[in-house]
Amino acid sequence: VQESAFVAAGASINGPSVCGAVRPFTLNAALGGAVAFRPAAKLQCQMVSEVERWTRDVVVPAARYYYGMGVAEMKVLSSYSCRPRNGIAGGQLSEHGFANALDVGSFTLVDGREIKVLNGWNGSEQDRGFLRAVHSGGCTIFHTVLGPNANRFHRDHFHFDLAPKTRNSRTVCQ
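These notes cover the structure that comes with them. Residue numbers run consecutively from 1 along every chain, following the written order of its sequence. Selection of residues for local features in this predicted model requires a pLDDT of at least 70, selection of side-chain atom pairs for listing and counting requires 80 or more, and totals for whole chains, interfaces and linings are taken over all residues. Based on all heavy atoms of the structure, the side-chain values leave hydrogens and waters out of the count.

Examining the state of the cysteines
Note that a disulfide, as used here, is simply two cysteine sulfur atoms within 2.5 Å. The tally for this structure, following the rule as stated, stands at 2 disulfides. Between the sulfur atoms of Cys139 and its disulfide mate Cys173 the distance is 1.9 Å. A torsion of 70° about the S-S bond marks the disulfide between Cys139 and Cys173 as right-handed. Remark: Cys173 occurs in strand S11 (residues 172–173) and Cys139 occurs in the loop between helix H3 (125–138) and strand S9 (144–146); sequence separation between them is 34 residues. When a residue's accessible area, from a 1.4 Å probe over protein chains only, is under 20% of the maximum for its type it is buried; when over 50% it is exposed; and in between it is partly exposed. By relative accessible area, Cys139 is classed as buried at 15%. Secondary structure elements follow DSSP: runs of H or I no shorter than four residues count as helices, runs of E no shorter than two count as strands, and numbering proceeds from the N terminus.

As structure tokens, this is what we get:
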């Protein structure tokens, strides 16, 4: 990851608890500023690279296919956040606690139309197609992808992470 006007390295984050990240980046936009992240996402290095790849290879082509135009912005619901999975006290620590996860709630097209996961997942045929393409395309890049079909906690957003894989683990795509 190279620093730019849209990607800036930050100081390491320590805790609380076991949370933290070594020199995470603040991602304001992908593709040289073409696709903004609002608010900016705080992510570790490999996540920045994969989010960039997902935006370039999946999100923008899907938007062009379904809407005939690109994406101007993604609404970030969460990036670094020291919390348990699904915000349930006592639960396993979320990958968000390591700046290793990104939650996206909507996509704004270059004409200003906003495609929300909450309404679009079961919305028009066009919105359903786009959101399913973005979701399934993420499954080829990230280790965990969760959306409205995963559980009630993800009904309004997509979760993407790079949870460490073990010999017995597999990609989760729900």
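Read on, since the account is not over.
Structural notes on the packing of aromatic side chains
Pairing of aromatic rings covers Phe, Tyr and the six-membered ring of Trp, with a centre-to-centre limit of 6.5 Å; geometry is then stacked below 30 degrees between planes, edge-to-face above 60, and tilted otherwise. Under the counting rule described, the total for this entry stands at 10 aromatic pairs. For the pair Trp54 and Phe142, a centre-to-centre distance of 6.1 Å together with 75° between the ring planes defines the contact as edge-to-face. With a gap of 88 residues between them, Trp54 in helix H1 (residues 45–67) and Phe142 in the loop between H3 and S9 connect regions that are remote in the sequence. Among the residues examined, Trp54 registers a relative accessible area of 0% and is labelled buried. Judged by its relative accessible area of 1%, Phe142 is buried.

Some thoughts on the packing of H1 against H3
A fitted line through C-alpha atoms represents every axis, and for helices the fit uses only the stretch in contact; the resulting angles, taken between N-to-C directions, go from 0 to 180 degrees. Where H1 contacts H3, the two axes come as close as 9 Å, and the packing angle between them is 165°. In terms of orientation, H1 lies roughly antiparallel with respect to H3. Our pair here, H1 against H3, has a crossing hand that is right-handed. Two secondary-structure elements touch here, H1 through Trp54, Val58, Val59, Ala62, Ala63, Tyr66 and Tyr67 and H3 through Gln126, Asp127, Gly129, Phe130, Ala133, Val134, Gly137 and Gly138. Looking at side-chain class alone, the contact of H1 with H3 contains 10 nonpolar, 4 polar and 1 charged residues. What sets the label is the angle itself: under 35 degrees gives roughly parallel, over 145 gives roughly antiparallel, 65 to 115 gives roughly perpendicular, and the rest give oblique. Crossings are classed by handedness, with left-handed meaning an anticlockwise turn of the near helix from the far one by less than a right angle and right-handed meaning a clockwise turn. Contact criterion: two residues are considered in contact whenever any of their non-hydrogen atoms come within 4.5 Å of each other. Gly falls in the polar group here, along with every residue not listed as nonpolar (Ala, Val, Leu, Ile, Met, Phe, Trp, Tyr, Cys, Pro) or charged (Asp, Glu, Lys, Arg).

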